[in-house]
Amino acid sequence: MKVGIIGLGLIGGSMAADLRKRGFASKILGHDSSKLHAETALKIGLIDAISTMEELIDESEFIILAIPADATLKLLPKVLDRISTQVVCDVASIKSQICERVKYHQNRKQFVASHPMAGTEHSGPWAAKAGLFDGKATIFCDAEDSDEKVLLTVHKMYEHLNMRVLYMSGSNHDVHAAYVSHISHISSFALALTVLEKEKNEKNIFDLASGGFDSTVRLAKSDAEMWAPIFNHNADNILTVLNTYIESLTKFKTAIENRDRDDLINLISKANRIKRALKN
């Protein structure tokens, strides 16, 4: 199958690497708003050719939009305007607004709203990683609005990435994503800002950093151009989660201020229950 990928960063590049290696794609056309990204993706062999947007849409059988959420909202209707029989999917981290944007489009059935729950803190085609999606989940949203054969084709694509498929509404996806993904990034960004502010006066602070700090602040390296639109477009759900998170921080602050050992043990023990949820 001839695959066209719009957006050749971490996700688009990693998909290209595995879809070619595992036999789903016979040829991969690529397009990126960054000339550097496009040329790099071609040079390192992620794609077979750089295409204009129009050429990619016209010549591809399967089109993947691997671009930030705000760009997906703008571009998806234009892609659907131009297609005839092509299969189209996106990989954006918000789903409700995207599904609503094209709900009544004449070619809506050719589109599958998906979100592969995988990634790293790195960006660009040089961050592409074979096997990135192995064993992870991908979410299909509002699948009832997609043609059954189109769903099967996109499902087959994700099977080649060794992902398991879950189904939910776009609105439910955005609530769950706020809890398991978006709040984690906000926490990491906030911690990084806090430490960087302190580091102005204590130059040796990073010399003391260990694995715990590294793992907690890792997500703060994530790309601003990707995450700012996600926070904006999923603001209501994120604010609900953020308010709960602030309440939890306040409980810790109060217990520490009061030197309340029992309360601290209680809070930490409750938090330890996450081990059962994560099964490790």
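This text gives an overview of the structure that appears in the document.

Reading the values: the criteria
- Residues numbered from 1 in each chain as written.
- Predicted model: local features only at pLDDT ≥ 70, side-chain atom pairs only at ≥ 80, totals over all residues.
- Heavy atoms only, no water.
- Pairing = 2+ DSSP bridges.
- Helix = DSSP H or I, 4+ residues; strand = E, 2+ residues; numbered from the N terminus.
- Expected span 1.5 Å × (residues − 1).
- Polar contact = N/O pair within 3.5 Å; in protein donor to acceptor, adjacent residues only side chain to side chain.
- Core = buried A, V, L, I, M, F, W, Y, C linked by side-chain atoms within 4.5 Å.
- Buried < 20%, exposed > 50% of the residue type's maximum accessible area, 1.4 Å probe, protein only.
- Contact = heavy atoms within 4.5 Å.
- Right-handed = clockwise from strand over helix to strand, strands pointing away.
- Axes fitted to C-alpha atoms, helices over the stretch in contact; angles between N-to-C directions.
- Parallel < 35°, antiparallel > 145°, perpendicular 65-115°, else oblique.
- Left-handed = near helix turned anticlockwise from the far one by under 90°.
- Nonpolar A, V, L, I, M, F, W, Y, C, P; charged D, E, K, R; others polar.

What follows covers the sheet that holds strand β4 (residues 62-65). Across a sheet, paired strands are connected by hydrogen bonds in the backbone, their directions being either parallel or antiparallel. Pairing is mixed in the open sheet, where eight strands are placed in the order β3-β2-β1-β4-β5-β6-β7-β8. Among the strands making up the open sheet, the edge pair consists of β3 (49-50) and β8 (164-168). As judged from the four bridges shared by strand β1 (residues 2-6) and β4, these two strands associate in the parallel manner. Bridge pairing in β4 places V3 opposite F62.

Quick look at helix α11 (residues 261-272) now. The terminal C-alpha atoms of α11, which comprises twelve residues, lie 16 Å apart, in line with the 16 Å expected from a rise of 1.5 Å per residue. The N-cap residue of α11 is D260: its side-chain oxygen and the backbone nitrogen of D262 are 3.3 Å apart.

For the rest of this paragraph, the subject is the environment of D58. Looking at the element boundaries, D58 is found in helix α3 (residues 53-59). Separated by 34 residues in the primary sequence, D58 and F24 have C-alpha atoms spaced 19 Å apart.

Among the nonpolar cores identified, the biggest contains 37 residues, and M15, F62, I64, V154, M157 and Y158 are the most heavily contacted of them. Elements that contribute at least two residues to this core include exactly β1, α1 (10-21), α2 (35-43), β4, β5 (87-90) and α6 (148-160). A total of six residues in this core trace back to one element, the largest contributor, which is α1. The residues touching I64, leaving out its near neighbours within four places in the chain, are V3, G4, I5, I6, M15, L19, C89, V91 and M157.

Alternating residues of β5 divide into V87 and C89 and V88 and D90, and every residue in both groups is buried. By the bridge criterion, four bridges tie β4 to β5 in an arrangement that is parallel. Directly across from I64, in β5, lies its bridge partner C89. Handedness of the β-α-β unit built from β4, helix α4 (residues 69-82) and β5 comes out right-handed.

Let us look at the packing of helix α10 (residues 235-257) against α11. Interhelical geometry of α10 versus α11 gives an angle of 155° and a closest axis separation of 8 Å. Taken together, the axis directions place α10 and α11 in an arrangement best described as roughly antiparallel. Note that α10 runs across α11; the crossing there is left-handed. Of the residues in α11, those in contact with K251, F252, A255 and I256 of α10 are D263, L264, L267 and I268. Among the residues forming the contact of α10 with α11, the class breakdown is six nonpolar, no polar and two charged.

Turning our eyes to something else, we now look at the packing of helix α7 (residues 170-199) against α10. The axes of two packed helices give the description: the angle between them and the distance between them. Taken N-terminus to C-terminus, the directions of α7 and α10 make an angle of 60°; their axes are 9 Å apart at the nearest point. The pairing of α7 with α10 is recorded here as oblique in orientation. As for the relative orientation of α7 and α10, their crossing is right-handed in sense. Facing D174, V175, A178, Y179, H182, I183, I186 and S187 of α7, the residues of α10 in contact are N237, I238, V241, L242 and Y245.

Turning to its location among the elements, H105 is positioned in the loop between α5 (96-101) and β6 (111-116). When residues no more than four places from it in sequence are discounted, the contact partners of H105 are P77, L80 and D81.

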